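# Structural description and commentary
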Amino acid sequence: MEGKDDIFLSMEEAISAIRMDFCQYPPQTDLFVDLSPLILGPHIRVVNESRYNGLWISTAGCKHTRKRRKITAVELGWLLIDTLAASPPPPELMTEICRLTFLVPAEPSGNGAGSEAGVRLQMGAEGFRCRHCGRCCRELNYRNELIPDDYNRWQALGRADILERVATITRGGRIVSYAIWVEPGTRRFLETCPWLMAPDPKSRPDRFVCSIHDVKPEICQQYPGTRKHARMTGCPGFDR
Ligand code: SF4
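Reading guide: rules and limits
Residues numbered from 1 in each chain as written. Predicted model: local features only at pLDDT ≥ 70, side-chain atom pairs only at ≥ 80, totals over all residues. Heavy atoms only, no water. 1 Å grid on protein atoms, 1.4 Å probe; cavity = no way out; pocket = protein on both sides within 12 Å on 5 of 7 lines; lining within 4 Å. Points joined across faces, edges and corners; volume = space filled by probe spheres on them. Nonpolar A, V, L, I, M, F, W, Y, C, P; charged D, E, K, R; others polar. Salt bridge = Lys/Arg side-chain N within 4 Å of Asp/Glu carboxyl O. Helix = DSSP H or I, 4+ residues; strand = E, 2+ residues; numbered from the N terminus. Buried < 20%, exposed > 50% of the residue type's maximum accessible area, 1.4 Å probe, protein only. Phe/Tyr/Trp six-rings, centres within 6.5 Å; stacked < 30°, edge-to-face > 60°. Lys NZ or Arg CZ within 6 Å of the ring centre and 35° of its normal. Domains from an automatic or database assignment. Pairing = 2+ DSSP bridges. Axes fitted to C-alpha atoms, helices over the stretch in contact; angles between N-to-C directions. Contact = heavy atoms within 4.5 Å.

Let us look at empty space enclosed by the protein. The final tally for this structure, using the stated rule, is 1 cavity of 30 Å³ or more. Considered as a void within the structure, the largest cavity measures approximately 30 Å³ in volume. Around the largest cavity, the lining residues are V104, Q122, M123, G124, A125, G225, T226, R227 and F238. Here the lining of the largest cavity is composed, by residue class, of 4 nonpolar, 4 polar and 1 charged.

Spelled out as structure tokens, the structure:
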């Protein structure tokens, strides 16, 4: 497995990436339950029991000796991270943990003499096809995600129509941040992206279209970035 979108993570980097994933999204209860036996070991059992109102963690054993307590998904996430950091698993096990966490093919790597042990992940966007559902444009908050390169590009292209919908915050005469999209001449955010064209019942009944597609902001160009990010933000582009 080797491709241009492969990335190698050392064990330490893999733990940092998992920590970032856990912090980036709301608590991922099902994932945490699936990871528990891999990270906490077979003597700890975590179950999600809706009839008992949530997650329970217990040491394995007979029902008389088993200690059982309730745990929140946030606490379980931190317990998993702390356990990983305190005693990193072997690369094969870390590979499985990464595969479940990032939803991409993974394999152990760097076990040869002199090379660092870690995990190789296939991060490519194979299988992605934009469905033009417009969900990302309508539902995600990217108001503060514009970068200087976007702004400078539109200036170079003379796109006053786009620039007038960008609010800038300046300090000492320098622009320090941007906000999109606003009513021209104001700092009032527009409720929806002004460049998103709704489906046309005659010519494209199921397709939203971006009217600045070729020059759209970097944040829009990069979205969804990964299969995991798509899954977590409601993008159906990777679904088969
Ligand atoms: S949510 Fe995904 S599939 Fe839908 S328009 Fe955005 S990128 Fe395309």
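For the rest of this paragraph, the subject is the pattern of salt bridges. Enumeration according to the criterion identifies 7 salt bridges in this entry. Put simply, D21 and K228 hold a salt bridge, and the shortest N to O gap is 2.9 Å. Taken as a pair, D21 in helix α1 (residues 11-24) and K228 in helix α9 (residues 227-233) lie far apart in primary sequence, 207 residues in all. For the pair shown, D21 and K228 are each scored as buried. Between D161 and R159 there is a salt bridge, with the nearest N and O atoms lying 3.0 Å from each other. The class for R159 is partly exposed, based on a relative accessible area of 24%.

Further remarks concern the packing of aromatic side chains. For the structure shown, the criterion picks out 5 aromatic pairs. Ring centres 4.6 Å apart and planes at 50 degrees place the aromatic pair F22 and F32 in the tilted group. Here the residue F22 occupies a position in helix α1, and F32 occupies one in helix α2 (residues 29-40), the gap between them amounting to 10 residues. Grouping residues by exposure puts F22 and F32 together as buried. Judged by centre distance (4.9 Å) and plane angle (40 degrees), the ring pair of Y151 and Y178 falls under tilted. Of the two residues, Y151 is situated in helix α6 (residues 148-157) and Y178 in strand β8 (residues 174-180); the sequence distance between them amounts to 27 residues. Here the aromatic residues W154, W181 and W195 are joined through ring pairs into a cluster of three or more. The aromatic ring of W56 is capped on one face by R68, whose charged end is 4.6 Å from the ring centroid. One residue, R143, lies across the ring of F189, its end atom 4.0 Å from the ring centre.

Many authors give the size of an interface as the accessible area that is lost as the parts come together. Here the protein chain is described as being made up of domain 1 (6-122) and domain 2 (141-222). Measuring from the centre of the C-alpha atoms in domain 1 to the corresponding centre in domain 2 gives 39 Å.

Let us now look at the sheet that holds strand β5 (residues 106-109). In spatial order, the strands read β1-β6-β5; together these 3 strands make up an open sheet with antiparallel pairing. Every interior strand has two partners, whereas the edge strands, β1 (6-10) and β5, have only one. On average, each strand axis in the sheet is inclined to that of its neighbour by 25 degrees, with strand direction left out of account. Across 4 bridges, β5 lies against strand β6 (residues 118-122) in antiparallel orientation. Looking across to β6, one finds that E107 is bridged to R120. Packed on one face of the sheet, α1 meets β1 and β6 and runs near 105 degrees to β1. Lying over the sheet, helix α4 (residues 91-102) contacts β5 and β6, oriented at roughly 30 degrees with respect to β6.

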